Amino acid sequence: MSRYFCSNQAKRLVILFLTLSVAWSHSAPTAAAESPPPANPKPVIYIDPGHGGHDTGVRGIDNTLEKDIVFAVAETLSKSLTGRYELVLARSDDYNPDLFKRAEAANEIGADLFISIHAGGSFRHHPQCLTIFYYQALSENSTLAATDNALTQPSFFWDSVQIRHVSSSHRLAACLQGALQYEQGTTPCRVRAAPVVVLSGVNMPAVLIEFGSLTNPMEEHKLNDPIYRSTVSAAIIKGIEQFFAKKTSISSIDLHE
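My aim in this report is to walk through the structure given alongside it, one point at a time. (Residues numbered from 1 in each chain as written. Predicted model: local features only at pLDDT ≥ 70, side-chain atom pairs only at ≥ 80, totals over all residues. Heavy atoms only, no water.)

A few words now on the overall build of the protein. Each helix and strand in the protein was counted, giving nine helices and six strands. The burial tally for the protein puts 40% of its 257 residues in the buried class. When the accessible surface of the protein is split by element, carbon and sulfur atoms take 60% of a total near 14,600 Å². (Helix = DSSP H or I, 4+ residues; strand = E, 2+ residues; numbered from the N terminus. Buried < 20%, exposed > 50% of the residue type's maximum accessible area, 1.4 Å probe, protein only. Areas by Shrake-Rupley, 256 points an atom, 1.4 Å probe, with all protein chains shown as cover.)

Structure representation (C-alpha cells):
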C-alpha cells in the first residue's frame, strides 16, 4: 500500500511538473512581446565624395584637384556628424568607385540619405553660386531606350529607382538650400533638377551638392580653407536635421512614395 501511494505521489509530481512546464512555455512569448521595443537606430547618412583615383575631376588654377577638395569636405562632415548619425563614405581614400557601385552600396546598407559632394568648373571669372541637384529623368523615351541595353548593363536594374523619391529628395534639397544660404550670406544657393547619373539608382532621398566653381581663383582659395569647409559642413548638418524634423510631421503615406 505504501509503495502504491509513493508511486501515485511520484506520478502526481511528474504530471504537475509537466503541466507547469507547458504553462511556462506558453506564457514566455507573451512576456517577451510585452517587453519594450529596442530604441530606434541612428539615421544612416551615405556621403559620396565625387571622383577619386585617376578621375581627378576639375583642376583649379593653383592645381587644386576636385577629388581632394570634396574628400576633405566629406571628412569634415564625417567628424561633425559622428554621434548623431551613422556615417558611411563611398570612398575612404584616393580611389574611384564605379558610379553605380556607389548607389548600390548605399542601397545595400539601407541608408536614410545619400549626399554626393562635388565642386564645379566654369570659364566665367566671377564666383558661381552653390547648386544642389536632385534627380530628374531625361524623358520617358530615354528610359525605354535604356531598357534595350538592360542585358548588357547589370546595374540597370537600379537605374531610375530614384524617381519614386523625387519629392523627398526635393524637400532635402530645399532644407539644405535654406541652411547653406543662411550660412553663406550673399553667396546664392540654387536647387536644380537634372538627370544626374549617380543619383538615378539611389533608393532613398538623394542630392548632389556642387560647391561653386573650383576654376575660379577666389573660390579655389575659399575651398582650400578648412574654416570655410567647416562652415559649409555645419550648414549641411543643419539642413539634414531640418529635413528629419520635417519628415516626422509628414504622414507615412507621403513618406513612402
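Taken as a whole, this structure holds three aromatic pairs when the rule is applied. With a centroid separation of 5.8 Å and 25° between ring planes, the pair formed by Y85 and F244 is classed as stacked. On the criterion of sequence distance, the pair formed by Y85 in the loop between α2 (66-81) and β2 (86-89) and F244 in helix α8 (residues 226-247) is long-range, its members being 159 residues apart. With respect to burial, Y85 and F244 carry one shared label: buried. Between F243 and F244 the ring centres are 5.7 Å apart and the planes differ by 65°, which places this aromatic pair in the edge-to-face class. One aromatic cluster is present, formed by Y85, F243 and F244 through successive ring pairs. (Phe/Tyr/Trp six-rings, centres within 6.5 Å; stacked < 30°, edge-to-face > 60°.)

Moving on: the side chain of H51. Within the secondary structure, H51 sits in the loop between β1 (44-49) and α2. Of the polar contacts made by the side chain of H51, one reaches the side chain of H118; its length is 3.3 Å. (Polar contact = N/O pair within 3.5 Å; in protein donor to acceptor, adjacent residues only side chain to side chain.)

Moving on: the pairing of strand β3 (residues 113-120). With eight of its eight residues buried, β3 lies for the most part within the structure. Where burial is concerned, the two faces of β3 agree: the one with L113, I115, I117 and A119 and the one with F114, S116, H118 and G120 are both buried. Two elements, β1 and β3, share five bridges in a ladder whose sense is parallel. Note on β3: the bridge partner recorded for I47 is I115. As paired elements, β3 and strand β6 (residues 206-213) share six bridges and run parallel to each other. From the neighbouring strand, S116 faces β6, where its bridge partner is L208. (Pairing = 2+ DSSP bridges.)

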